[in-house]
2 protein chains.
Amino acid sequence: MAEREQELEWVERMAMFCAEEYGVPPIAGRILGWLMICDPPEQSAGQIATAIGASKASLATNMRMLTDAKFVRRRTRPGERTNYYRVDDDAWETVIRRRMAGLAEFRDLAADGIDLAGPGSARAERLRVAYEAYAWIIKLFAEVPRFSTRRER
Amino acid sequence: MAEREQELEWVERMAMFCAEEYGVPPIAGRILGWLMICDPPEQSAGQIATAIGASKASLATNMRMLTDAKFVRRRTRPGERTNYYRVDDDAWETVIRRRMAGLAEFRDLAADGIDLAGPGSARAERLRVAYEAYAWIIKLFAEVPRFSTRRER
DNA sequence: TAGTTAGTTCAGTAGATACTGAACTAACTA
DNA sequence: TAGTTAGTTCAGTATCTACTGAACTAACTA
């Protein structure tokens, strides 16, 4: 299989993973996947559109989404009006951290449920179990040192 | 606000959380939410349908999904043909553990990408960073003792 | 036997989402 | 000035998902 073909297949796998696991639109997933593996690592919307086979309009919408979410950084170059994009170094750690934040939301929901059912009631037991499962994992994560294979910049 | 009304509002919050965070259909989320807070804790499809305002058909489809995923347990009673459902004690720990499995999938995808880009190449650097962020969190959870506020049964 | 009811299956529908082409804006260049 | 091109916006479309009513099955009861 040609190099490019293999890359695109990998990009597609990455896109589908992001779609299923994180609910990201397919094209946003492809952009992310492409930016993970492309050479050079910084590319214009036009280059990316060509590579993944999407329209300019889709690129505009999805790049907006990705830059707003801080997964992708935009860079301009002096004397050029083209914007160049690259994946943020911290993108994946950000993804992980947001996921953890989601856990806290559930834990708080469970806490509200316990109040509603009456703390100490038999009915609150189910909720307490859930609360504790989430509190456990959140605490675990909070105690751990921040990940840092931080590259020098 | 009436007790029941408050409960249903809580169920709705839970359902929307499950929908957004886990991609579960709204009715499946409502079933889960209802089963977390309802009294008695074990209810028939008919009772649940009435409580959350869904059709029999939707109950059939969504209960199937939830029992297949082991989030909800079905129980029969001698001399009755009605099935009764309750949330599995381990449901939420299961949710957390599946989420962790999703992380491993990403890590492996990143590893494939590194092979494709050529390990050691500059191009593989982005992928290596992602790989390590995921490997870090996965290792963290793998090392930790299994959660156990296990109730006696 | 006929009637009742728990539960399943399926065809159709409503609503949402992702995507695109085309028209447009804005910044530059000759 | 007119022409070029990066990027945005928007209306329309295709596709998908969740949901329901209705027809059905299967297990029981009188």
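What counts, and at which threshold
- Residues numbered from 1 in each chain as written.
- Chains lettered and ligands numbered in written order.
- Predicted model: local features only at pLDDT ≥ 70, side-chain atom pairs only at ≥ 80, totals over all residues.
- Near = placed C-beta within 6 Å.
- Helix = DSSP H or I, 4+ residues; strand = E, 2+ residues; numbered from the N terminus.
- Nonpolar A, V, L, I, M, F, W, Y, C, P; charged D, E, K, R; others polar.
- Least-squares fit on C-alpha atoms with pLDDT ≥ 70 in both.
- Contact = placed C-beta atoms within 7 Å.
- Pairing = 2+ DSSP bridges.
- Domains from an automatic or database assignment.

Novice: Please explain the protein's contact with DNA strand D as it appears in this structure.
Specialist: The environment of DNA strand D is formed by 20 residues, the closest being Ala57(A), Asn83(A), Pro26(B), Ala57(B) and Ser58(B). If you list the elements that add at least two residues to the surface near DNA strand D, you get helix H3 (45-52) and helix H4 (56-68) of chain A together with helix H2 (26-37) and helix H4 (56-68) of chain B. Considered class by class, the residues forming the surface near DNA strand D number 8 nonpolar, 8 polar and 4 charged.

Novice: Explain the relation of the copies chain A and chain B to me, please; I cannot follow it from the model alone.
Specialist: Mapping chain A onto chain B calls for a screw motion: a turn of 180° about the axis and a shift of 0.0 Å along it, with 0.1 Å RMSD after fitting. Put plainly, the chains are arranged around a two-fold axis. Across chain A, the rotation axis passes nearest the C-alpha of Gly23(A), at a separation of 3.7 Å. A share of 100% of interface residues in chain A that are also interface residues in chain B marks the association as one of identical surfaces.

Novice: Sorry if this is basic, but what is going on with the sheet that holds strand S1 (residues 43-44) of chain A here?
Specialist: For sheets, the rule is that strands pair by backbone hydrogen bonds, running either parallel or antiparallel. All names here are of chain A. Ordered in space as S1-S3-S2, the 3 strands form an open sheet in which the pairing is antiparallel. Strand pairing shows two members of the sheet lacking a second neighbour, S1 and strand S2 (72-76), which therefore form its edges. Relative to strand S3 (residues 83-87), S2 runs antiparallel, the two being bridged by 5 bridges. Along S3, the bridge assignment pairs Arg-75 with Tyr-84.

Novice: How should the domain arrangement of chain A be read in this particular structure?
Specialist: When the parts come together, some accessible area is lost, and that loss is often what is quoted as the size of the interface. If you check the domain split of chain A, you get domain 1 (3-87) and domain 2 (91-143). Placing a centre on the C-alpha atoms of domain 1 of chain A and another on those of domain 2 of chain A gives a separation of 34 Å.

Novice: Is there a simple way to explain the interface of chain A and chain B in this structure?
Specialist: Taken together, the contact pairs 39 residues of chain A with 39 residues of chain B. At the level of elements, helix H1 (3-22), helix H2 (26-37), helix H5 (91-117) and helix H6 (124-143) of chain A are the ones that each hand at least two residues to the side of chain A that touches chain B. The leading source of residues in the side of chain A that touches chain B is H5(A), at 11 residues. Tallied by class, the residues present in the side of chain A that touches chain B amount to 23 nonpolar, 5 polar and 11 charged.

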